[in-house]
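Observations on the model geometry
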Amino acid sequence: MESFIKYLLPRIIYLIKILSAVLLFLMMALTFVDVLGRYLFNAPIYGSAEMIQFLLALTIFSALGIVNADDSHIVVEVFEERIKKIIPNLHGILIQGFSVLAMAFISWQLYIFAEDSYHLGSMTTVLEWPLIIVTGSVAFLSILSLICLICGLFVKNLYKKTENSKTSSGRN
C-alpha cells in the first residue's frame with residue numbers, strides 16, 4: 001500500500017499541475033481575446049464573464065489538490081504558539097485532522113450541490129449551459145484534493161518515520 005501511494009501520488013499531482021496550467025491559460029487567453037474584441041472591434045465574447053468564473057473555480061479547485069498534497073497551506077500564526085505550548089505533541093495531529101475534516105466537509109457540500117443541480121436541471125444564467133458540468137467538475141476536483149491531502153500526509157509521515165529510523169540506527 002505504501003509503495004502504491006508513493007507511486008500514484010506524484011503522477012496524480014503531475015496531471016493536476018497540467019490541468020491547472022491549461023485552465024489558467026484558457027482563462028488568460030479568453031480574457032485577452034475578450035478585451036481585444038471589446039475595445040478594438042466593439043464586439044466582446046458573449047458569456048465570457050461566466051466562462052471566466054467557471055474557469056476560475058476549476059483552476060482553484062484543481063490547484064488545491066497540489067497544495068493539499070504538499071501540505072503547503074498558508075499558516076495563520078495567531079493561535080499556533082498557544083496551541084504548541086498547551087499540547088505540543090498533538091499540535092500536528094490537531095492541525096492535520098482539522099484540514100482533513102474541513103476538506104471532507106467542503107467536498108461533501110460540493111457533491112450535494114452538484115447532485116441538486118443535476119436533479120433540478122439547473123442551467124447557467126447567461127450561456128444556459130447545464131450547471132452540472134461545473135458543479136460536478138468542482139465536486140470531483142475537491143474529492144481528488146481530499147484524496148491528495150490524505151495521501152500526502154501518509155507519504156509525509158512515512159518519510160518522517162524512515163528518516164527517524166535512519167537517524168536512530170546511526171545511519172545518515
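Note that the structure is a prediction, hence the values are computed from the model and not measured.

1. Some words on a nonpolar patch on the surface
On the surface, a nonpolar cluster with roughly 720 Å² of combined accessible area is contributed by Tyr14, Leu15, Ile18, Val22, Phe25, Leu26 and Met28. If you trace the backbone, Tyr14 turns up in helix α1 (residues 2-40). A relative accessible area of 54% places Tyr14 in the exposed class.

2. Description of the nonpolar core
In this structure, Leu55, Leu58, Phe61, Leu110 and Val138 are the most contacted members of the largest nonpolar core, which totals 15 residues. The element best represented in this core is helix α2 (residues 48-70), accounting for five residues. Once residues within four sequence positions are removed from consideration, Val138 is found in contact with Ala57, Leu58, Phe61 and Leu110. Ranked by size, the runner-up nonpolar core spans 10 residues in total, among them Leu9, Ile12, Ala69 and Cys148.

Rules behind the numbers
- Residues numbered from 1 in each chain as written.
- Predicted model: local features only at pLDDT ≥ 70, side-chain atom pairs only at ≥ 80, totals over all residues.
- Heavy atoms only, no water.
- Patch = residues over 30% accessible without salt bridge, like charges linked within 9 Å, V, L, I, M, F, W, Y side chains within 5 Å.
- Areas by Shrake-Rupley, 256 points an atom, 1.4 Å probe, with all protein chains shown as cover.
- Salt bridge = Lys/Arg side-chain N within 4 Å of Asp/Glu carboxyl O.
- Helix = DSSP H or I, 4+ residues; strand = E, 2+ residues; numbered from the N terminus.
- Buried < 20%, exposed > 50% of the residue type's maximum accessible area, 1.4 Å probe, protein only.
- Core = buried A, V, L, I, M, F, W, Y, C linked by side-chain atoms within 4.5 Å.
- Contact = heavy atoms within 4.5 Å.

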